[in-house]
Amino acid sequence: MIRLFVALSFPDEVRRSLAALCAGVPGARWANPEQFHLTLRFIGEVDGRTARAVSDELSSIIMPNFELSLFGVGTFGDKRKANTLWAGVRPNPALNRLQEKVDNAVLRTGLPPDRRKFAPHVTLARLNNAPFDRLGAFLSHHALYSAPPFLCDRFTLYSSFLSSSGAIYTPEHVYRLDGTSIGEEGDWMADEAEEWERSEAAAYGY
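On a predicted model such as this, the values are computed, not experimentally measured, just so you know. (Residues numbered from 1 in each chain as written. Predicted model: local features only at pLDDT ≥ 70, side-chain atom pairs only at ≥ 80, totals over all residues. Heavy atoms only, no water.)

Quick look at the pattern of salt bridges now. As enumerated under the stated definition, the model contains five salt bridges in all. One salt bridge connects R108 with E57, and the closest N-O pair in it is separated by 2.8 Å. A residue pair is termed long-range when its members are at least 10 positions apart, and R108 in the loop between α3 (93–107) and β7 (122–127) and E57 in helix α2 (residues 48–58) qualify at 51 residues. With relative accessibility at 23%, the residue E57 sits in the partly exposed group. Here R116 and D114 are joined by a salt bridge, their closest N and O atoms 3.1 Å apart. (Salt bridge = Lys/Arg side-chain N within 4 Å of Asp/Glu carboxyl O. Helix = DSSP H or I, 4+ residues; strand = E, 2+ residues; numbered from the N terminus. Buried < 20%, exposed > 50% of the residue type's maximum accessible area, 1.4 Å probe, protein only.)

Here we take up the packing of aromatic side chains. Between two aromatic rings, the relevant description is the distance of the centres plus the angle of the planes. Tallying each qualifying case throughout the model produces six aromatic pairs. Seen from their ring centres, F5 and Y158 are 5.1 Å apart, and the 5 degrees between their planes marks the pair as stacked. You can see F5 sitting in strand β1 (residues 2–8) and its partner Y158 sitting in strand β9 (residues 154–163), a full 153 residues away along the chain. Accessibility assignment for this pair places F5 and Y158 in one class, buried. With centroids separated by 5.1 Å and ring planes inclined at 20 degrees, the aromatic side chains of F155 and Y175 adopt a geometry described as stacked. With F155 in strand β9 and Y175 in strand β10 (residues 166–176), the pair connects residues that are 20 residues apart, well separated along the chain. For the pair F155 and Y175, one class covers both residues: buried. (Phe/Tyr/Trp six-rings, centres within 6.5 Å; stacked < 30°, edge-to-face > 60°.)

We now examine the layout of surface pockets. Its boundaries defined by the atoms lining it, the largest pocket holds a volume of some 1100 Å³. What lines the largest pocket is a set of 37 residues, among which H37, T39, T123, R126 and Y169 lie closest to the centre. When contributions to the lining of the largest pocket are tallied by element, the ones reaching two or more residues are β1, β2 (28–30), β3 (38–46), α3, β7, β9 and β10. Of the residues forming the lining of the largest pocket, the biggest block, five residues, is contributed by β3. Looking at the lining of the largest pocket residue by residue, the classes come out as 17 nonpolar, 12 polar and eight charged. (1 Å grid on protein atoms, 1.4 Å probe; cavity = no way out; pocket = protein on both sides within 12 Å on 5 of 7 lines; lining within 4 Å. Points joined across faces, edges and corners; volume = space filled by probe spheres on them. Nonpolar A, V, L, I, M, F, W, Y, C, P; charged D, E, K, R; others polar.)

Among the residues of helix α1 (residues 12–19), V14, R15, S17 and L18 are the ones counted as buried. Seen along its axis, α1 keeps its buried residues to an arc of 160 degrees; they face one direction. Of the residues in α1, the exposed ones pointing more than 90 degrees away from the buried face are D12 and R16. Among the structural elements, β5 (70–78), β6 (81–89), β7 and β8 (150–152) are those in contact with the buried residues of α1. (Arc of directions from axis to C-beta. Contact = heavy atoms within 4.5 Å.)

To continue, consider the nonpolar core. In this structure, L18, L40, L58, L98 and F155 are the most contacted members of the largest nonpolar core, which totals 52 residues. The leading source of residues in this core is α3, at six residues. Apart from the residues lying within four places of it in its own chain, the contact partners of L40 are V6, A7, L8, L95, L98, Q99, V102, F118 and F155. (Core = buried A, V, L, I, M, F, W, Y, C linked by side-chain atoms within 4.5 Å.)

Shown next as C-alpha cells:
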C-alpha cells in the first residue's frame, strides 16, 4: 500500500519567499522548505492497481497554463488554540478548475469523494500550544504577505511516508497541463502492481 496525494510544487524563488516566513512563533514545527506544496487532492492509502489507475486518469488532464500568486497568512483550528499555520492563495478560477479536474480524475478510479471543501493553502508549520499573543503578532505582521507570481504548467502525484519526525513527501510523477508527462512512475508503483497481481493469482489459482 502507498499513501498518495496530488499537489502543486513551487519554483525556488517562491520556496525562499515562504521559508523567510518561518520564524517567530514558539511551539511551531516549521515545514521543510523542500516539502512546501499546495494540495489539490488527498487520496490516501491505495494498492498498486489503484495507484496505476489514478496515474492513468491524471495523465488525461489538459488545460491552459495559468499564473498563480500566494497571498496572506492564516491558521486552522480553534481561534485560541490553532493547530496549523499557513500561507494563502489569491483567488484564482483556473486553480479551481484544475482542482476539479484532478478530483474528477480520482473519482473515475472508484475512490470515494473528498468531503472537505477545497481550501488552497501552503502549510508553514504545525502548532503546539503556540502563545496566542506571538501568533497574533505573526499574523498581523505578515497579513499582506505576497510571493512572486509563478507560472503553473504542471502538477505532481506525491507519495507520503509518515515518520517520527513528520511526513516525508516524494514526487512520484509529474504531469504537464498540455498533456505531456515528465518522468516515469516510481518503482513503488511497479512493485505494488506486481504484488497485487501475485495476490490475485494466488487467490484465483492461476
